[in-house]
Amino acid sequence: MPIPNGFLGEKDLNKTEEKYELSCLICESCGLAQLSNIVNPDLMFKNYVYIPSMSRVMMENFNNLSYQIYNNFNLNQDSLVVDIGSNDGSLLSFFKNYRTRVLGIDPAENLAKIAELKGIPTEIKFFDLKNAKLIRNKHGQADVITATNVVAHIDNLHDFFKGISCLLKDDGVLITEFPYFVELVRGNEFDTIYHEHLSYFSLKPWLKLIKSHGFEVLRTQKSPIHGGSIRIIQKKQKEKSENPNSKNIVNHMAFPEEEHNIYNRDTLSDFARKVGSLKIELTTLLKNLKRKRKKIVGYGAAAKGNVLTNYFNIGPEILDYIVDSTPYKQGLFTPGKHIPIYAENRLTIDRPDYVLILAWNFAEEIIKKEMTFRKLGGKFIIPIPKLKVV
Ligand code: TMP
């Protein structure tokens, strides 16, 4: 599989594309699912094309998160909120309303520039213990550290947590949000497994990890982001004794993992089988439509879409093009399958018969936005969690 955000310019189309192994393993002891192979992070994250501010749902999620943090943790104008994996400053920009101090940390130079333009100071760095020490010396310790959609990208999780311990005040809070492995398996979200995501967390391994670094859970919350995520609010454990409330929260939350037998080999084999069936169902549908001379395009040049099109062997002979709202992606071609990417308004001009929603996690938002297309007889194909045409 090519790296899923490795979009190509026209001049690169004839060059050989690097392909990397992509397979996911699960630890039978702690339950953590991880990739077997790690691609050099510089290749994937230095010039990053994914920006959450392209989605209204993502921005609402960040707005709510900032409100929740500000109101629950007695922040004031001296408080420092640090966001790890701060991208274009989308989350931190909401803290401007509350006038707290903010600091972003992200290795993507292109996105840090955008964040700085929005007035979000950003350290262009990967987050690890060494950099955490440098940042603490320069900016002081944080009252709140947020890490949304980033822990899955981290190779050395223990070093990452040592960095958090170093940068966070003793009475500070750490808020993490990541796609939930239970939802991945339940919802057939196989295409969210790709090189950028090294780990696929459920609660059992997460708790083991945070406990080993002296953290305990204050609260957990489910969110619909990226096909089903969990937000976990945690703090440094004060004494040796564990907060009994924390245990209750954990027991309650761990229930879906047991209920869905997520650590059972049969469950995981069944998941793999379902992916195989979806491949047959979807490609048969698309080929039949093509035979009837229907025009089909894709919506959302998401990394997950690139996994799906490559794995299911869906190329430009089926999808004429993909529309995407991200300016960086427009004019480029998808990795592997070389499907051209255009701005969303091409849909209105071109009026294809079918639109395959590759960014299926935003299906509702996209369908609402493209109401006219539907009113004029256009149809959407949503591949995941279950193939449907609406
Ligand atoms: P993601 O699933 O990795 O978040 O990527 C979603 C992609 O879909 C991203 O490239 C932006 C694109 N997108 C649109 O083009 N239009 C939209 O309305 C939404 C919500 C996303």
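Observations concerning the site of the ligand
Of all residues adjacent to the ligand, which total 18 residues, the nearest are Lys304, Asp324, Lys329, Glu344 and Lys369. In the environment of the ligand, an oxygen atom lies 2.4 Å from a nitrogen or oxygen atom belonging to the side chain of Lys304. Note that an oxygen atom of the ligand is positioned 2.6 Å from one of the side-chain N or O atoms of Lys369. About the coverage of the ligand: the protein hides 97% of its 490 Å² of free accessible area.

Comments concerning the sheet that holds strand 13 (residues 341-342)
Sheet strands pair by backbone hydrogen bonding; their relative direction is either parallel or antiparallel. Taken in spatial order, the six strands of this open sheet run 13-12-11-14-15-16, and their pairing is mixed. Edge positions in the open sheet fall to strand 13 and strand 16 (388-389), since each of these has one partner strand only. Relative to strand 14 (residues 354-357), strand 11 (residues 296-299) is paired through four bridges, and the arrangement is parallel. Bridged to Val297 within strand 14 is Val355. Relative to the sheet, helix 10 (residues 265-291) contacts strand 11, strand 14, strand 15 (379-382) and strand 16, its axis offset from that of strand 15 by approximately 155 degrees.

A few points about unusual backbone geometry
The omega torsion across Ile384 and Pro385 is 10 degrees, close enough to zero to call that bond cis. Among the secondary structure elements, Pro385 is positioned in the loop between strand 15 and strand 16. We note that Asn87 has phi near 55 degrees; this positive angle belongs to a residue other than glycine. Tracing the backbone through its elements, the reader meets Asn87 in the loop between strand 3 (80-84) and helix 3 (90-93). We classify Asn87 as buried; its relative accessible area is 8%. Backbone geometry at Asn313 places phi at a positive 60 degrees, although glycine is not the residue there. Judged by relative accessible area, Asn313 falls into the partly exposed class, the value being 48%.

Looking at a positive patch on the surface
Together, Lys292, Lys294, Arg374 and Lys379 give the surface a local cluster of positive charge. Topologically, Lys294 is positioned in the loop between helix 10 and strand 11. Under the relative-accessibility criterion, Lys294 is labelled partly exposed at 31%.

Some details on the environment of Gly228
Within the secondary structure layout, Gly228 lies in the loop between strand 9 (215-223) and strand 10 (229-236). When the C-alpha positions of Gly228 and Pro179 are compared, they lie 5.8 Å apart, and in sequence the two are 49 residues distant. Not counting chain neighbours up to four residues away, the residues in contact with Gly228 comprise Pro179, Tyr180, Glu183 and Ser223.

Observations regarding the sheet that holds strand 10
Taken in spatial order, the seven strands of this open sheet run 5-4-3-6-7-10-9, and their pairing is mixed. Each edge of the sheet is formed by a strand with only one pairing partner; in this case those strands are strand 5 (122-123) and strand 9. Two strands pair when backbone bridges link them, and strand 4 (residues 101-105) and strand 5 are joined in this way by two bridges, in the parallel orientation. Counted as the bridge partner of Ile105 is Glu123 from strand 5. Strands strand 3, strand 4 and strand 5 of the sheet are contacted by helix 5 (residues 129-139), whose axis makes an angle of about 155 degrees with strand 4.

Side note on the domain arrangement of the chain
Assigned domains within the chain: domain 1 (31-259) and domain 2 (281-389). Contact with domain 1, which involves 19 residues of that partner, is made by 17 residues of domain 2. Taken together, the two surfaces of domain 1 and domain 2 that pack against each other cover about 1600 Å², and 67% of this comes from carbon and sulfur. Among the residues of domain 1 in contact with domain 2, Met54, Phe190 and Asp191 are the three that bury the most area, contributing 34% of the side total. The interface formed by domain 1 and domain 2 contains zero salt bridges. Between domain 1 and domain 2 we count four residue pairs in polar contact (both at pLDDT 80 or more) in total. Of all the elements in the fold, those that place two or more residues in the side of domain 1 that touches domain 2 are helix 2 (56-72) and helix 4 (109-117). In terms of residue count, the dominant contributor to the side of domain 1 that touches domain 2 is helix 2 (three residues).

The rules behind each value
- Residues numbered from 1 in each chain as written.
- Predicted model: local features only at pLDDT ≥ 70, side-chain atom pairs only at ≥ 80, totals over all residues.
- Heavy atoms only, no water.
- Near = heavy atom within 4 Å.
- Polar contact = N/O pair within 3.5 Å; in protein donor to acceptor, adjacent residues only side chain to side chain.
- Areas by Shrake-Rupley, 256 points an atom, 1.4 Å probe, with all protein chains shown as cover.
- Pairing = 2+ DSSP bridges.
- Helix = DSSP H or I, 4+ residues; strand = E, 2+ residues; numbered from the N terminus.
- Contact = heavy atoms within 4.5 Å.
- Axes fitted to C-alpha atoms, helices over the stretch in contact; angles between N-to-C directions.
- Buried < 20%, exposed > 50% of the residue type's maximum accessible area, 1.4 Å probe, protein only.
- Patch = residues over 30% accessible without salt bridge, like charges linked within 9 Å, V, L, I, M, F, W, Y side chains within 5 Å.
- Salt bridge = Lys/Arg side-chain N within 4 Å of Asp/Glu carboxyl O.
- Lys, Arg positive; Asp, Glu negative; His and termini not counted.
- Charge placed at Lys NZ, Arg CZ, Asp CG, Glu CD.
- Domains from an automatic or database assignment.
- Buried area = accessible area lost by both parts, 1.4 Å probe.

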